[in-house]
Amino acid sequence: ASRLDTGKIRADFPILRRVLRSGAPLIYLDSAATTQKPLQVLDAERDFYLNHNAAVHRGAHQLAEEATEAYEDARVAVAAFIGARQDEVVFTKNATEGINLVAYALGNGGGIGAGDKIVVTEMEHHANLVPWQELARRTGATLEWFPLTDDGRLDLSGIDELITENTVMVALTHQSNVLGTVNPVRAIADRAHRVGARVLVDAAQSVPHRPVDVAELGADFLVFSGHKMLAPGGIGVLWGRYELLGELPPFLTGGSMIEIVTMDRSTYLPPPQRFEAGVPMTAQAVGLGAAVRYLEGLGMDRVKLHEDELTALALDLLSEIPGVGIIGPSGTEDRGSTVAFTVDGIHPHDVGQVLDDQGVAVRVGHHCARPLMRRYGVPATTRASFYVYNTAEEVEALARGVRAAQKYFA
Ligand code: PMP
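Computed from a predicted structure; not experimentally measured.

## Re the site of the ligand
And step 1. Residues in close proximity to the ligand total 13 residues, the closest being T96, D202, S225, H227 and K228.
And step 2. Within the side chain of T96, an N or O atom sits 2.5 Å from an oxygen atom of the ligand.
And step 3. The contact in question runs from a nitrogen atom of the ligand to an N or O atom on the side chain of D202, over 2.5 Å.
And step 4. For the ligand, whose accessible area on its own is 400 Å², the fraction buried by protein is 90%.

Here it is in structure tokens:
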């Protein structure tokens, strides 16, 4: 595959031309937290409000029809992007809401109860841990997890003790938001399916960065957030196999998700409408549709290749610096483009401060994965993450900034 033309891409992101308080130009290396938005996405959202705004799925007028069409077109685009059926795509607020929806529904008549086992991993973002803790607490189910190896991978040696006859759900991240590790979801899913368990994949860090096909992955449910893939905030996706969504009770109830309502009881629409109560985030969905088209225009194979190159460079340059420790796999094999590291003797917040003075925006802290931090014995890390608009020069600036922090605090 040919390479991404970052010069051309960067022209679509005016924010990347910003000069910061320090006088330094912005070097944005925090896309794992949220990405910047291209003009194509902003224009799509603006065009919706300027020309087509109305409440979807209601009203007999032309604008309502156009708004509904724009919203449903976004669903079609998202479905194609992940190899799914259109009626299997539920719009949510974000990945967090998608996981909460499934966890709540499963415990509310959806089939999880006392004695059942839920399996997660020690590398989960809090979004894919706390909802399962809550579900276990409410239902009397138990929660167990795959531990991690020293080099940042899942330790699968105990899989036969973890995934057993009473396991009903295996919920795991596709790509770690700290370590960058890409997990062998297919093999774990195959094992889970042999005992009749369901598999939920947190794809918040994978769908934006590599080709993802839900069927190939062997998932039953999969969630991600638009804001991490060039789309506006406030829109995310829950994908589920249709027959499983069909068995799932609703999460939020109210308008737009009902069939027949009397004063005592109601019946519900089939998926995806059953899970989209109320007037949805329509312009945001339209923005997500535009983001998907933008990424498809670049080609997800090329997106992955580009990020692999930047990651390899970052791993090289950072590991050359004495006192820098990478938390996560040391090579780019089965690894995405978040690079978390510690610098001996310097708190990550101080590293982040020196980097910020040079215009380099990174994330510092526990990255919403406190058990993972505990596992590796660090209170916090500095995390750089890359996307389609980042360049090799920016990765070099990161390494220079880390050396500057060492000099400053020496
Ligand atoms: N899972 C992973 C792996 C993430 O990186 C994030 C965001 N940091 C989430 C879930 C939650 O995403 P959101 O806050 O958009 O719901």
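Moving on from the coordinates now.
## Digging into the sheet that holds strand β4 (residues 142–146)
And step 1. With respect to topology, 7 strands assemble into an open sheet ordered β2-β8-β7-β6-β5-β3-β4, the strand pairing being mixed. The open sheet is flanked by β2 (89–92) and β4, the only strands paired with a single partner. Looking at each pair of strands side by side, their axes are set apart by 20° on average, direction ignored.
And step 2. Across 5 bridges, strand β3 (residues 117–121) lies against β4 in parallel orientation. When the bridges of β4 are listed, I118 appears paired with L143.
And step 3. Set on the sheet, helix α3 (residues 62–81) makes contact with β2, β7 (221–225) and β8 (236–240); between it and β2 the angle comes to about 115°.

## Quick word on the packing of helix α10 (residues 282–298) against helix α11 (residues 300–319)
And step 1. As a packed pair, α10 and α11 sit with axes 6 Å apart at the nearest point and diverge in direction by 75°. Put simply, α10 runs roughly perpendicular to α11. Residues L295, G297 and L298 of α10 form the contact with α11, whose own contacting residues are M300, R302 and V303.
And step 2. Among the residues making up the contact of α10 with α11, the classes are represented as 4 nonpolar, 1 polar and 1 charged.

## As for the pairing of strand β6 (residues 198–202)
And step 1. By the criterion of burial, β6 is predominantly enclosed, with 4 of the 5 residues buried.
And step 2. Judged from the 3 bridges that link them, β6 and β7 form a sheet pairing that is parallel. By the bridge assignment, V201 is partnered in β7 with L222.

The rules behind these values
Residues numbered from 1 in each chain as written. Predicted model: local features only at pLDDT ≥ 70, side-chain atom pairs only at ≥ 80, totals over all residues. Heavy atoms only, no water. Near = heavy atom within 4 Å. Polar contact = N/O pair within 3.5 Å; in protein donor to acceptor, adjacent residues only side chain to side chain. Areas by Shrake-Rupley, 256 points an atom, 1.4 Å probe, with all protein chains shown as cover. Pairing = 2+ DSSP bridges. Helix = DSSP H or I, 4+ residues; strand = E, 2+ residues; numbered from the N terminus. Axes fitted to C-alpha atoms, helices over the stretch in contact; angles between N-to-C directions. Contact = heavy atoms within 4.5 Å. Parallel < 35°, antiparallel > 145°, perpendicular 65-115°, else oblique. Nonpolar A, V, L, I, M, F, W, Y, C, P; charged D, E, K, R; others polar. Buried < 20%, exposed > 50% of the residue type's maximum accessible area, 1.4 Å probe, protein only.

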